[in-house]
Amino acid sequence: MQANQAQKQQKQQKQLALFDLDHTLLDVDSDYLWGEYIVKHDLVDEAQYRTANQKFYNDYIEGTLDATEYNEFVAQFLSSLPLDRLDELREDYIKSEIEPHIRPKAMEALCQHIEQGHDVVIISATNDFVVSAIAKRFGIEAANVLATPLEIKDNRYTGKLIDRPNFQAGKIYHLDKWLNKQQASGITFEKTYAYSDSKNDIPLLEWADVAVCVSPDDALHAHALAHRWAVEDWSI
């Protein structure tokens with residue numbers, strides 16, 4: 001009886017691999033490219049939208065992005081169309097703009113974790129409309145996707161968030177909520193890995209047992225060297 005209980009407890013001990021999306025699993029920024037996609041297809045005013053989108057992207061690179069303001073900007077367009085039309089646009093966007101930029105080394109690393117029986121989570125500051133569909137290309141279902149959550153009411157996006165942006169320390173906030181759900185179902189993690197390219201993810205990388213800096217920006221690269229974190233080049 002005691003042996004069976006010990007065996008059951010052992011099965012609940014797992015390992016967890018967390019992957020950032022933009023410039024980590026992908027060689028591009030999926031959020032920025034979504035904006036470029038809807039501009040290219042004349043779905044928004046080109047001059048107005050592109051100017052705003054570029055400003056937000058520059059803020060992100062500089063580390064000064066107001067993530068709530070940005071995600072509400074993105075969600076305003078989503079609120080203008082019904083979900084079925086958005087789904088059609090998103091599918092075309094992923095095929096044309098995203099699939100060519102999936103990093104082979106990223107796919108290899110992710111698949112190795114899956115083959116070893118690890119739980120894999122994609123954790124991204126980009127909104128859940130974009131991230132959830134891209135994650136399926138990596139074989140990751142919605143339950144293991146952590147992204148900035150946008151509000152839907154009456155089968156339509158409202159243009160608002162329903163919780164904190166999944167950005168910087170916000171990733172730890174959403175990760176803690178996800179881990180609490182796992183723990184409630186009897187799953188705990190004995191070892192954790194985190195992969196990212198960005199200085200914005202230093203809190204996430206510090207949280208993990210194993211931090212892997214993927215083609216990192218200059219600030220993260222310096223931090224990685226100072227903390228003896230692994231640095232890998234996944235660029236294509």
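Our structure's up above, just so we're on the same page.
Just so it is clear, the structure is predicted and the values come from calculations on it, not from any experiment.

Visitor: For this particular structure, what's the right way to read empty space enclosed by the protein?
Guide: Any space left empty among the atoms is revealed by the rolling of a water-sized probe across them. Applying the stated criterion across every chain, the model contains one cavity of 30 Å³ or more. If you add up the space inside the largest cavity, you get close to 230 Å³. Lining the largest cavity are 22 residues, and of these Asp29, Asp31, Tyr60, Ala125 and Thr126 sit closest to its centre. Counting only elements with at least two residues in the lining of the largest cavity, the list comes to α3 (30-40), α4 (46-62), α5 (67-78) and β2 (119-127). The class makeup of the residues in the lining of the largest cavity is 10 nonpolar, six polar and six charged.

Visitor: Honestly, the sheet that holds strand β1 (residues 13-19) in this entry has me stumped. Any pointers?
Guide: On the basis of which strands lie adjacent, the open sheet formed by six strands has the order β3-β2-β1-β6-β7-β8 and parallel pairing. Strands with a single pairing partner mark the edges of an open sheet, and in this sheet they are β3 (145-148) and β8 (230-232). Averaged over all pairs of adjacent strands, the angle between their axes in this sheet comes to 20 degrees, without regard to strand direction. Those strands touched by helix α8 (residues 128-137) are β2 and β3, and its axis lies near 145 degrees from that of β2.

Visitor: Help me understand the side chain of Arg103, please; the structure alone is not making it clear to me.
Guide: Relative to the assigned elements, Arg103 resides in the loop between α6 (83-98) and α7 (104-115). According to the relative accessible area criterion, Arg103 is buried, its value standing at 4%. Once residues within four sequence positions are removed from consideration, Arg103 is found in contact with His23, Thr24, Leu25, Leu26, Asp27, Val214, Ser215, Trp234, Ser235 and Ile236.

Visitor: I tried to follow the packing of aromatic side chains on my own but got confused; where do I start?
Guide: The relation between two aromatic rings is expressed through the spacing of the ring centres and the mutual angle of the planes. One pass over the full model with this rule turns up 15 aromatic pairs. Here Phe19 and Tyr195 contribute two aromatic rings whose centre-to-centre distance is 4.3 Å and whose plane-to-plane angle is 0 degrees, an arrangement assigned as stacked. Within this pair, whereas Phe19 is found in strand β1, its partner Tyr195 is found in strand β6 (residues 188-196), the two being separated by 176 residues in sequence. Overall, the relative accessible area of 0% leaves Phe19 in the buried class. We classify Tyr195 as buried; its relative accessible area is 8%. For the ring pair Tyr70 and Phe73, a centre distance of 6.3 Å and an interplane angle of 40 degrees mean the geometry is tilted. With Tyr70 and Phe73 both in helix α5 and three residues apart, the pair spans about one turn of that helix. The exposure classification of Tyr70 matches that of Phe73, with both residues buried. Among the aromatic residues, ring-to-ring pairing joins Trp34, Tyr37, Phe77, Tyr93, Phe129 and Tyr157 into one connected group.

Visitor: Sorry, what's going on with the layout of surface pockets here?
Guide: Put simply, the largest pocket is a space of about 300 Å³. Lining of the largest pocket is provided by 14 residues; of these, Val145, Leu146, Ala147, His174 and Lys181 occupy positions nearest its centre. Going through the elements one at a time, α8, β3 and α9 (169-184) are the ones with two or more residues in the lining of the largest pocket. Considering each element in turn, the lining of the largest pocket owes the most residues, four residues, to α9.

Visitor: Looking at this model, I keep getting lost on the packing of α3 against α5. Mind explaining?
Guide: Between two packed helices, both the angle of their axes relative to each other and the distance between the axes serve to describe the pair. Interhelical geometry of α3 versus α5 gives an angle of 35 degrees and a closest axis separation of 12 Å. The chirality of how α3 crosses α5 is left-handed. Facing α3, whose interface residues are Asp31, Tyr32, Trp34 and Ile38, α5 presents Tyr70, Val74, Phe77 and Leu78. Classifying every residue of the contact of α3 with α5 by side-chain character gives seven nonpolar, no polar and one charged.

Visitor: Is there a simple way to think about helix α11 (residues 218-227) in this case?
Guide: The periodicity of an α-helix, 3.6 residues per turn, causes residues three or four positions apart to be oriented the same way. Three or more residues of α11 are buried, namely Leu220, His223 and Ala224. For α11, the angular spread of the buried residues around the axis is 100 degrees, confining them to a single face. Residues of α11 that are exposed and angled more than 90 degrees away from the buried face: Asp218, Leu225 and Ala226. Once α11 finishes, Arg228 follows within two positions and takes phi at roughly 60 degrees, a positive value.

Rules of the game
- Residues numbered from 1 in each chain as written.
- Predicted model: local features only at pLDDT ≥ 70, side-chain atom pairs only at ≥ 80, totals over all residues.
- Heavy atoms only, no water.
- 1 Å grid on protein atoms, 1.4 Å probe; cavity = no way out; pocket = protein on both sides within 12 Å on 5 of 7 lines; lining within 4 Å.
- Points joined across faces, edges and corners; volume = space filled by probe spheres on them.
- Helix = DSSP H or I, 4+ residues; strand = E, 2+ residues; numbered from the N terminus.
- Nonpolar A, V, L, I, M, F, W, Y, C, P; charged D, E, K, R; others polar.
- Pairing = 2+ DSSP bridges.
- Axes fitted to C-alpha atoms, helices over the stretch in contact; angles between N-to-C directions.
- Contact = heavy atoms within 4.5 Å.
- Buried < 20%, exposed > 50% of the residue type's maximum accessible area, 1.4 Å probe, protein only.
- Phe/Tyr/Trp six-rings, centres within 6.5 Å; stacked < 30°, edge-to-face > 60°.
- Left-handed = near helix turned anticlockwise from the far one by under 90°.
- Arc of directions from axis to C-beta.

Fair warning: the whole summary comes from geometry, so function is off the table for now.
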